[in-house]
Amino acid sequence: MTRIIDGNEIADRITADLEPCLETLADAGTTPGLATVLMSDDGASETYVSMKRQACNDLGIESIHHELDPDAPADALFDRIDELNDDPAVHGILVQLPLPDHVDRQAVLERIDPRKDVDGFHPENVGRLVTGTPRFKPCTPHGIQKLLEAEGVETEGADVVVVGRSNIVGKPMANLLVQKSDTGNATVTVCHSRTDDLAAKTRDADVVVAAAGVPELIDGSMLSPGTTVIDVGVNRVDVSERRSEDSQTSSDQSDTEKGYELVGDVEFESAKEKADAITPVPGGVGPLTITMLLYNTIKAASLRADVDVSLP
Ligand code: NAD
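Each chain has its residues counted from 1, running along the sequence as written. The predicted origin of the model limits local features to residues at a pLDDT of at least 70 and limits the giving and counting of side-chain atom pairs to 80 or more, whereas totals for whole chains, interfaces and linings rest on all residues. The side-chain values count all of the structure's non-hydrogen atoms but skip hydrogen atoms and water molecules.

Describing the side chain of arginine 135
Move 1: Secondary structure is summarised from DSSP: a helix means a run of H or I of at least four residues, a strand means a run of E of at least two, and numbering begins at the N terminus for each. Structurally, arginine 135 can be placed in the loop between helix H5 (123–130) and helix H6 (139–150).
Move 2: Whether a residue is buried, partly exposed or exposed follows from its accessible area with a 1.4 Å probe, protein chains only, as a fraction of its type maximum: under 20%, in between, or over 50%, in that order. On the basis of relative accessibility, which here comes to 15%, the residue arginine 135 falls in the buried class.
Move 3: Polar contact is defined as a pair of N or O atoms within 3.5 Å, subject to the rule that within protein one atom must be able to donate a hydrogen and the other to accept it, and that residues adjacent in sequence are counted only when both atoms are side-chain atoms. A polar contact of 3.0 Å, which involves the side chain of arginine 135, links it to the side chain of glutamate 124.

A closer look at the site of the ligand
Move 1: Any residue with at least one heavy atom within 4 Å of a molecule or strand is counted as near it. Among the 19 residues in the neighbourhood of the ligand, the closest are listed as Arg165, Ser166, His192, Val234 and Thr289.
Move 2: Contact distances for the ligand include 3.5 Å between an oxygen atom and a backbone N or O atom of alanine 212.
Move 3: The contact in question runs from an oxygen atom of the ligand to an N or O atom on the side chain of asparagine 235, over 3.5 Å.
Move 4: Of the residues belonging to the shell around the ligand, the class tally is 8 nonpolar, 10 polar and 1 charged. Gly counts as polar in this scheme, as do all residues outside two lists: the nonpolar Ala, Val, Leu, Ile, Met, Phe, Trp, Tyr, Cys and Pro, and the charged Asp, Glu, Lys and Arg.

Comments concerning the UniProt feature "binding site: NADP(+)" (unreviewed entry) in the chain
Move 1: UniProt positions are given in the numbering used here, feature names are shortened, and annotations may be inferred rather than shown by experiment. Per the UniProt annotation, the sites labelled "binding site: NADP(+)" (unreviewed entry) are Gly164, Arg165, Ser166 and Val234.
Move 2: The class of glycine 164 is buried, set by a relative accessible area of 10%.
Move 3: With residues up to four places along the chain from it excluded, the contact list for glycine 164 reads Gly170, Lys171, Val190, Cys191 and Ala211.
Move 4: In this structure, arginine 165 sits in the loop between strand S5 (159–163) and helix H7 (170–178).
Move 5: Assessed through its relative accessible area of 39%, arginine 165 is described here as partly exposed.
Move 6: Only heavy atoms matter for contacts: two residues are in contact if any of them lie within 4.5 Å across the pair. Setting aside anything within four residues of it in sequence, one finds arginine 165 in contact with Gly170, Lys171, Val190, Cys191, His192, Ser193 and Arg194.

So, the packing of helix H1 (residues 7–27) against helix H12 (residues 285–305)
Move 1: Note on geometry: axes are C-alpha line fits, over the in-contact stretch for helices, and angles between N-to-C directions span 0 to 180 degrees. Two elements in contact, H1 and H12, have axes whose closest approach is 9 Å; the angle formed by their N-to-C orientations is 15°. When the interaxial angle is binned, H1 and H12 end up roughly parallel. Between H1 and H12 lies a crossing whose hand is left-handed. Within the contact between the two elements, H1 uses Gly7, Asn8, Ile10, Ala11, Ile14, Thr15, Leu18, Cys21, Leu22 and Leu25 and H12 uses Pro287, Leu288, Thr291, Leu294, Tyr295, Ile298, Ala301, Ser302 and Ala305. Angles below 35 degrees are treated as roughly parallel, those above 145 as roughly antiparallel, those between 65 and 115 as roughly perpendicular, and all remaining angles as oblique. Handedness of a crossing is defined here by the sense of rotation of the near helix relative to the far one, left-handed for an anticlockwise turn of less than a right angle and right-handed for a clockwise turn.

A few points about the pairing of strand S8 (residues 228–231)
Move 1: Covered by surrounding structure in S8 are Thr228 and Ile230 together with Val229 and Asp231, the residues of both alternating faces.
Move 2: At least two DSSP bridges between two strands are required for those strands to pair. For strand S7 (residues 207–210) and S8, the ladder comprises 4 bridges, and the chain directions are parallel. Bridge assignment links valine 209 to a residue of S8, and that residue is isoleucine 230.

Focus: unusual backbone geometry
Glycine aside, residues mostly have negative phi angles, and peptide bonds mostly take the trans form.
Move 1: Residue leucine 97 is joined to proline 98 through a cis peptide bond whose omega torsion reads 0°.
Move 2: Considering the arrangement of structural elements, one finds proline 98 in the loop between strand S4 (92–95) and helix H4 (105–111).
Move 3: Omega for the bond connecting valine 281 with proline 282 falls within 30 degrees of zero, at 0°, which places this linkage in the cis form.
Move 4: As for its position among the elements, proline 282 is in the loop between strand S11 (277–278) and H12.
Move 5: In this structure, aspartate 197 is a non-glycine residue whose phi angle is positive, near 60°.

Given below as structure tokens:
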């Protein structure tokens, strides 16, 4: 029987485990603060930021929000980051991606104080991750590690195929999984848009992490029986294109009413027939991503306050 991995349930458990960390910080006189910066009119970006802010409020992390006009000069964003770097009430800074074309994304990520870089995208934090001394693990791959751990999926010696090589998901995922650690020690293959015969790679895998941003790229015929399938993809698909299809994996009624459905990078129905365990979209990886942002914000505050909060 295939296990459908409940990301919400795992995220709730980790969030509950974060509460005592906040109490420890409160005893030391610190309330963690997360600054979110939105420079976009994009509806999905607005939704992601509001979900992150809500999660902060629910847990007791102070949420400080800044919005910039997408047409504002890049310097307006750099100046805002400088202010947040200097603000003692701010422990973590998250600049929501993507940014407008006229803003150099890498320069923005490098402007953030690495000690406040709760996304883990600053080169200093990337370097620490690669060398096995992470400060902030990027939220989505870290969440996947937690999810695999919670599900009892053994990574040691496992053949893991990561589909996607972005700096946000694919590369840090691969780096975490090859580390010499209890949640690593895997043999990792990284596939991407130039990979020859993706199906041959995924069929050899014990675990597939799909992060390509291509709707239903991987189906059951590309998997061997017993694979653990982690679907990172969040793709908005026009409802009219899918009206005749079985939409078991699609998003809720409110999204359907908006004219789109959310689908993953995995074709859920056929993959479920082969997989030992599989994450749905939505309700799989997504909730963990937000939880690990809270985790990193608490970590940033504890490092600054020099208080051991015993993070889960
Ligand atoms: P990206 O576009 O930056 O990278 C996609 C990667 O997939 C690239 O490295 C590319 O080489 C590879 N790729 C593209 N087509 C491919 C193909 N046909 N075969 C093999 N590889 C292919 O995207 P990203 O930021 O890494 O995000 C990937 C997906 O994950 C997106 O759908 C995104 O929305 C989603 N995402 C979800 C969460 C979450 O919390 N659930 C977080 C981040 C990203």
